[in-house]
Amino acid sequence: MPKNLVSSAQWYRKAADKGYAQAQYQLGLAYANGTGVTKNVYEATKWYEKAALQGNTSAMFNLAANYDDGKGVKKNHYKAVDWYRKAAAKNHVKSIYNLGYAYSKGLGVPKNMSQAFSYYLKSAEKGYKSGQFNTGWYYESGTGTTKNYSKALHWYRKAAAQKHAKAQFAIGWFYAKGYAVTKNLTTAASYYRLAANQGHAQAQYQLGMAYLNGEGVIKSTSLAVDWFKKAAAKGNADAQFSLGYSYDIGRGVTKNRLKAADYYRLAGNKGNKKAQYNLGLAYANGFGVKKNGTLAVYWYQKAANQGYDRAQNNLGHCYETGFGATKSLAKAYEYYSKAAAQQHVKAMANIGYFYEKGYWVKRNYSTARLWYRKAANKGDSFAKKRLTALVGK
């Protein structure tokens, strides 16, 4: 351990033992970080408390944080709030912000989003960038206050000026959607880039989509893939799906269905319904994985449970044919119906076929024609053929 750090800690102790609050706080920091002394969170908390009792606001905040986290003391959110309040009364901005967080989560106080907003706003007005971002978000979502996009943008800009990545992304989103500003995809992309360069995963994904579609930037599938990779590496499910699809079809990257399946699985395990469906397709057809009907049904089911119409239709087909599941016309009809309710064309045609053949439902040519006509009007060739076949019936 460097001698100068040890020497500093020794001087802090001498002054702390004489009751100097700032020295007590600095000695607490030394113990918290292991600077010049052996790291000891209990000693750190002890010295924070001595300094806090003498009115040192930084010590009050650190003591409160230790109560919040259970560092060197038994976790106690009520005591944490008490010390945050004392520091906040002396205009300690982080304590003001943390009181907002306590009210937002109901930690040591009853959950109250209006109170949370009030404290976030106070910290924002004092220039605290996280408070500025949260104030913007509360205005955007109408949480704890009246929804107001203009005020949200105002606070996002304040935070973004301090390089707050989430605020930069939020401004990009506002320009992409035209919230409180004239829609401008070029400006949206520029803000996405600011946030993306700071490692903001959702901004990286959105910038990838901008390059994919040529929205606000020159279209480039290879650059889209580059940004998808960055976001995917951070666990962004949308990016993992998009990267998987890029590998699946060879978009901006060499086609590789093994990698496609891997990325679909990553995204699917995070609940991305499109990835779950595509992984089901992979197992159904042996794309990048060994063909397996049971696993196809497993992944179709996950996507279908989230209301994804394509998965519902395919799951219906699995039950109709007995592929990967016990054959059940009842379940097939159930899933076809769910997909058809969302205007899935193939599902409409499939219901028509069930009525034509009397599968699970009573044969009814009029109802069959009704469903075939719905599908045919949307261009389904099978439905058009069946309508011709039903002429005269």
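Residues numbered from 1 in each chain as written. Predicted model: local features only at pLDDT ≥ 70, side-chain atom pairs only at ≥ 80, totals over all residues. Heavy atoms only, no water.

**Student:** Explain the overall build of the chain residue by residue, including any values.
**Tutor:** A tally of helices and strands in the chain yields 22 helices and zero strands. At 30 Å, the chain has a C-alpha radius of gyration far larger than the 21 Å of a compact globule built from 393 residues. With respect to the principal axes defined by its C-alpha atoms, the chain has extents near 105 × 45 × 45 Å. Relative to its full complement of 393 residues, the chain shows a buried share of 46%. A fraction of 42% describes how many contacts in the chain between residues 6 or more apart in sequence connect residues 24 or more apart. In the structure as shown, the chain presents an accessible area of about 19500 Å², 49% of it carried by carbon and sulfur atoms. (Helix = DSSP H or I, 4+ residues; strand = E, 2+ residues; numbered from the N terminus. Rg over C-alpha atoms; globule rule 2.2 N^0.38 Å. Buried < 20%, exposed > 50% of the residue type's maximum accessible area, 1.4 Å probe, protein only. Contact = heavy atoms within 4.5 Å. Areas by Shrake-Rupley, 256 points an atom, 1.4 Å probe, with all protein chains shown as cover.)

**Student:** So what's going on with the packing of helix α12 (residues 201–213) against helix α14 (residues 237–249)? Which residues, and what values?
**Tutor:** It is at 9 Å that the axes of α12 and α14 come closest, and there the two elements cross at 35 degrees. Helix-helix and strand crossings are classified by hand; for α12 and α14 the assignment is left-handed. Residues Gln202, Tyr205 and Met209 of α12 touch α14, and the partners they reach there are Asp238, Ala239 and Ser242. Here the contact of α12 with α14 is built from residues that sort into three nonpolar, two polar and one charged. (Axes fitted to C-alpha atoms, helices over the stretch in contact; angles between N-to-C directions. Left-handed = near helix turned anticlockwise from the far one by under 90°. Nonpolar A, V, L, I, M, F, W, Y, C, P; charged D, E, K, R; others polar.)

**Student:** Provide a residue-level description of the pattern of salt bridges, including the pertinent values.
**Tutor:** Oppositely charged side chains may form a pair once their charged atoms are brought near each other. Evaluation of the coordinates by the stated rule reveals seven salt bridges. Of the charged contacts in the structure, one is a salt bridge between Asp82 and Lys86, with a shortest N-O distance of 3.5 Å. Taken as a pair, Asp82 and Lys86 lie in helix α5 (residues 77–88) at a separation of four residues, close to a single helical turn. On the basis of relative accessible area, Asp82 is assigned to the partly exposed category, the value being 36%. Overall, the relative accessible area of 36% leaves Lys86 in the partly exposed class. Between Glu334 and Lys338 there is a salt bridge, with its nearest N and O atoms 3.3 Å apart. (Salt bridge = Lys/Arg side-chain N within 4 Å of Asp/Glu carboxyl O.)

**Student:** So what about helix α22 (residues 381–389)? Which residues, and what values?
**Tutor:** Along α22, the residues that are buried comprise Ala383, Arg386 and Leu387. Projected down its long axis, α22 carries its buried residues within an arc of 105 degrees, all on one side. Summarising the geometry of α22, the exposed residues directed more than 90 degrees from the buried face are Lys385 and Thr388. Looking at the buried residues of α22, the elements they touch are α20 (345–357) and α21 (365–376). (Arc of directions from axis to C-beta.)

**Student:** Give a description of the packing of helix α10 (residues 165–177) against helix α11 (residues 185–196) that names residues and reports values.
**Tutor:** Relative orientation of the contacting elements α10 and α11 amounts to 165 degrees, with a least axis distance of 8 Å. Judged by the angle between their axes, α10 and α11 are roughly antiparallel. Crossing hand, α10 versus α11: left-handed. In contact with Ala165, Gln168, Phe169, Ile171, Gly172, Trp173, Tyr175 and Ala176 of α10, α11 contributes Leu185, Thr187, Ala188, Tyr191, Tyr192, Leu194 and Ala195. Partitioning the contact of α10 with α11 into residue classes produces twelve nonpolar, three polar and no charged. (Parallel < 35°, antiparallel > 145°, perpendicular 65-115°, else oblique.)

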